[in-house]
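The chain contents come next:
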Amino acid sequence: MKICFIDWFAYGLFNPKSKIVFGGAQIQLYLLAKELAKDKKLSISFLTDNRQTTRQETFNNIKVYQFLRSKPSPSDSGRSDSGIVGNLTFFISLFNSLLNSLLNKLPLFNYRKFFISLLIQIKKINAQVYFQRAASAETGLIAVICKIFRKKFIYMIAHEQDVNGDFVKKNGWRGKLFGLGLILADKIVCQTKDQRKQLSKSLKIKSVIIPPAYPIESLSGWKSVNKQGVLWVARAEVWKNPELFLDLAVRFPQEKFTMICPPAENKPHYFKQNKT
């Protein structure tokens, strides 16, 4: 059986040199893919975005495909055209930039191109089952493509907004595309009983429960570990409220507080704000 996982932010888990920020949703998909890849009866692949190249790679028996959602920045080769040819190239480039800028303001047009490219890539991978996690408009696009090619689509809940209807209601047509993905999914996996209950109540959709899992290599020696202090591990997202942890550190100066908090790509200023 061929199984493919889809997540645009997971590449850093395969290649530690990558600077792409990942979170818990990506870790769960990566761990699941890594474990399934141990089964010789299964062929595991992962579709992600390294933001540089479309070259296919293999890590721990997992075929990693690249889907560039935006064109990489051209490298500076040190070469420059001159004269009429250079001016013509400049104006053509300027015209294309203005045209693309105008078209990109039309979200449905932009997503039509995205949909076609994604359809081609999924057809190329040709897996029997596709997994995706965390709410986005892409959830709906992947679900539709799977229906077109008669493939199975499994969506995995990552957050409360996935199940309480907030993402569907507050994100316009993107939310509607996500809702369509939930409806078309062959199976929806919740992490908790509460998530399953909310999903059934808000969107009238059935689901199964598979709690998050993390591999523990060995329990030997854990009893001798001297645990101390309070630990925070999460991205600097507004909805994660990292400032509350900082406030606790101020209120309890006698305790040791450790914070592992990388910046979120969509709000780098928020990280700087909390850092200062």
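Scroll up for the structure.
Note that the structure is a prediction, hence the values are computed from the model and not measured. Residue numbers run consecutively from 1 along every chain, following the written order of its sequence. Local features in this predicted model are restricted to residues of pLDDT 70 or higher, and side-chain atom pairs are both shown and tallied only at a pLDDT of 80 or more, whereas totals for entire chains, interfaces and linings draw on every residue. Side-chain metrics in this entry use all non-hydrogen atoms of the structure; hydrogen atoms and water are not considered.

Quick word on the nonpolar core
Logical step 1: Core analysis: the largest hydrophobic core is formed by 33 residues, its most contacted members being Ile-6, Leu-47, Leu-118, Tyr-130, Tyr-155 and Ile-188.
Logical step 2: Numbering goes from the N terminus for both helices and strands, where a helix is a DSSP run of H or I of at least four residues and a strand is a run of E of at least two. Where this core is concerned, the elements lending two or more residues are β1 (2-6), α4 (107-125), α5 (137-148), β6 (152-156), α8 (172-184) and β7 (187-190).
Logical step 3: In terms of residue count, the dominant contributor to this core is α5 (six residues).
Logical step 4: Core analysis: the next-biggest nonpolar cluster, separate from the first, contains 22 residues, Ala-10, Leu-31, Val-64 and Met-156 among them. Put simply, buried Ala, Val, Leu, Ile, Met, Phe, Trp, Tyr and Cys residues joined by side-chain atoms within 4.5 Å make one nonpolar core. Classification of residues uses two cut-offs on accessible area relative to the type maximum, computed with a 1.4 Å probe and protein chains only: under 20% is buried, over 50% is exposed, and between them is partly exposed.

Overview of the sheet that holds strand β5 (residues 129-133)
Logical step 1: At least two bridges found by DSSP between two strands are what make those strands a pair. Pairing is mixed in the open sheet, where eight strands are placed in the order β3-β4-β2-β1-β5-β6-β7-β8. Since the sheet does not close on itself, it has two edges, and those belong to β3 (57-59) and β8 (208-209), each with one partner.
Logical step 2: Where β7 meets β8, two bridges bridge the pair, whose relative direction is parallel. Counted as the bridge partner of Val-189 is Val-208 from β8.
Logical step 3: Its contacts with the sheet put helix α2 (residues 24-36) on β1, β2 (43-48), β4 (62-66), β5 and β6, and the angle it makes with β1 is roughly 165°. Whether two residues are in contact is decided by their heavy atoms, any of which lying within 4.5 Å being enough. Helix axes are fitted only over the stretch in contact, all axes being lines through C-alpha atoms; the angle between N-to-C directions runs from 0 to 180 degrees.

A closer look at the pairing of β2
Logical step 1: Counting buried residues along β2, five of its six residues qualify, which places the element largely inside the surrounding structure.
Logical step 2: As paired elements, β1 and β2 share five bridges and run parallel to each other. The residue of β2 that forms the bridge with Ile-6 is Leu-47.
Logical step 3: Looking at chain direction, β2 and β4 are connected through five bridges and run parallel. Its bridge partner lying in β4, Ser-45 is registered against Lys-63.

Considerations on the packing of aromatic side chains
Logical step 1: In summary, the pairing rule links any two rings of Phe, Tyr or Trp, Trp by its six-membered ring, whose centres are within 6.5 Å, and it sorts them by plane angle into stacked for under 30 degrees, edge-to-face for over 60 and tilted for everything else. In the structure shown here, the tally under the stated rule is 13 aromatic pairs.
Logical step 2: Centre to centre, the rings of Phe-14 and Tyr-30 are 5.1 Å apart; their planes meet at 85°, and the pair counts as edge-to-face. Placement of Phe-14 in helix α1 (residues 11-14) and of Tyr-30 in helix α2 is noted, with a sequence separation of 16 residues between them. When sorted by exposure, Phe-14 lands in the same class as Tyr-30, which is buried.
Logical step 3: Relative to Phe-59, the ring of Phe-14 lies with its centre 5.7 Å away and its plane at 40°, an arrangement referred to as tilted. Of this pair, Phe-14 sits in helix α1 while Phe-59 sits in strand β3, placing them 45 residues apart in sequence.

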